[in-house]
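Structure at a glance
The residues making up each chain are set out below.
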Amino acid sequence: SRRRHTRSLCDWSSDVCSSDLTISATATQPLCFGQTGSVSRTASGGTAPYTYSATATTNLSAGTYTYSVTDANGCTASTTATINAAPTQLTISATATQPLCFGQTGSVNRSASGGTAPYTYSATATTNLSAGTYTYSVTDANGCTASISKTINAAPSLLTLSAIATNPNCNGQLGSVTRTASGGTAPYTYNSTATSNLASGTYSYSVTDANGCTAYASATIVVPTAISVSTSTTASGCGVSTGSATA
């Protein structure tokens, strides 16, 4: 008699799923602060069509996600993909150095943080800046950007110092000088050169404003010379003397 061979369900399943059903999952990582990741799934082998698990593939926060696929014969395969945390927020700071004295210009110092180094700054000038508002931007290694604006003030007006001499009218008297500062940034600080009881001579004065700017002036005091008087006596022929005086 012939022996009849009977295949079990397990044997049948093994034969049906013997081909290599695979699934790949490619993660797209968040590049900038506030972004989320995504995963692209691709199945191959087995018998199409494929049915994927319901695990989300978009708007993914940091974590590891498991994906599976089932083919037309009920065979399955699975894989995982990891989404990294988004980078910290990219920021740019800008510190302005204002012009302090007449004729000076301003400057700006930029500094980036967060995001993913290295950083590339915009070409906006940072030195020799006249009055105005300047916008600076930075781009990190992932193409994320941040920007900031800074204002440079107009330089103060020219600091000047005048020194007006008051000369004495008579010999023996002394002169004085009146100093007046203007422009720059008040309050003003004058040097210690005397301004009263001044003998003949030239006196130099300076003033410094609140920003450390300086100006100079000089004044000359002229004291009159003393008036000299000389006298002489001339005898007349009649015994009477006559005289004269010369100053």
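Throughout what follows, the structure given in this document is the object of discussion. (Residues numbered from 1 in each chain as written. Predicted model: local features only at pLDDT ≥ 70, side-chain atom pairs only at ≥ 80, totals over all residues. Heavy atoms only, no water.)

Glancing now at the sheet that holds strand β4 (residues 63–70). Within the open sheet, the three strands sit side by side as β3-β4-β5. Their pairing is antiparallel. Of all strands in the sheet, those bounded by a partner on one side alone are β3 (51–52) and β5 (76–83). Direction of pairing for β3 relative to β4: antiparallel, over a ladder of two bridges. Directly across from T51, in β4, lies its bridge partner T70. (Pairing = 2+ DSSP bridges. Helix = DSSP H or I, 4+ residues; strand = E, 2+ residues; numbered from the N terminus.)

Now for the sheet that holds strand β14 (residues 201–208). The strand order β13-β14-β15 describes an open sheet built from three strands, whose pairing is antiparallel. Either end of the sheet is taken by a strand with one partner, and the two such strands are β13 (189–190) and β15 (214–221). In the sheet, β13 pairs with β14 via two bridges, with the strands oriented antiparallel. From the neighbouring strand, T189 faces β14, where its bridge partner is T208.

On to the nonpolar core, then. Nonpolar side chains in soluble globular proteins tend to be buried together. Judged by nonpolar contacts, the single largest core of 16 residues is most densely connected at L161, A163, V177, L198, Y205, V207 and I221. Secondary-structure elements contributing two or more residues to this core are β11 (160–166), β12 (176–182), β14 and β15. Counting residues per element, this core draws most heavily on β15, which supplies four residues. For Y205, the contacting residues outside a window of four places in its chain are L161, A163, V177, R179, N191, T193, A194, T195, L198, A215, Y216 and A217. (Core = buried A, V, L, I, M, F, W, Y, C linked by side-chain atoms within 4.5 Å. Buried < 20%, exposed > 50% of the residue type's maximum accessible area, 1.4 Å probe, protein only. Contact = heavy atoms within 4.5 Å.)

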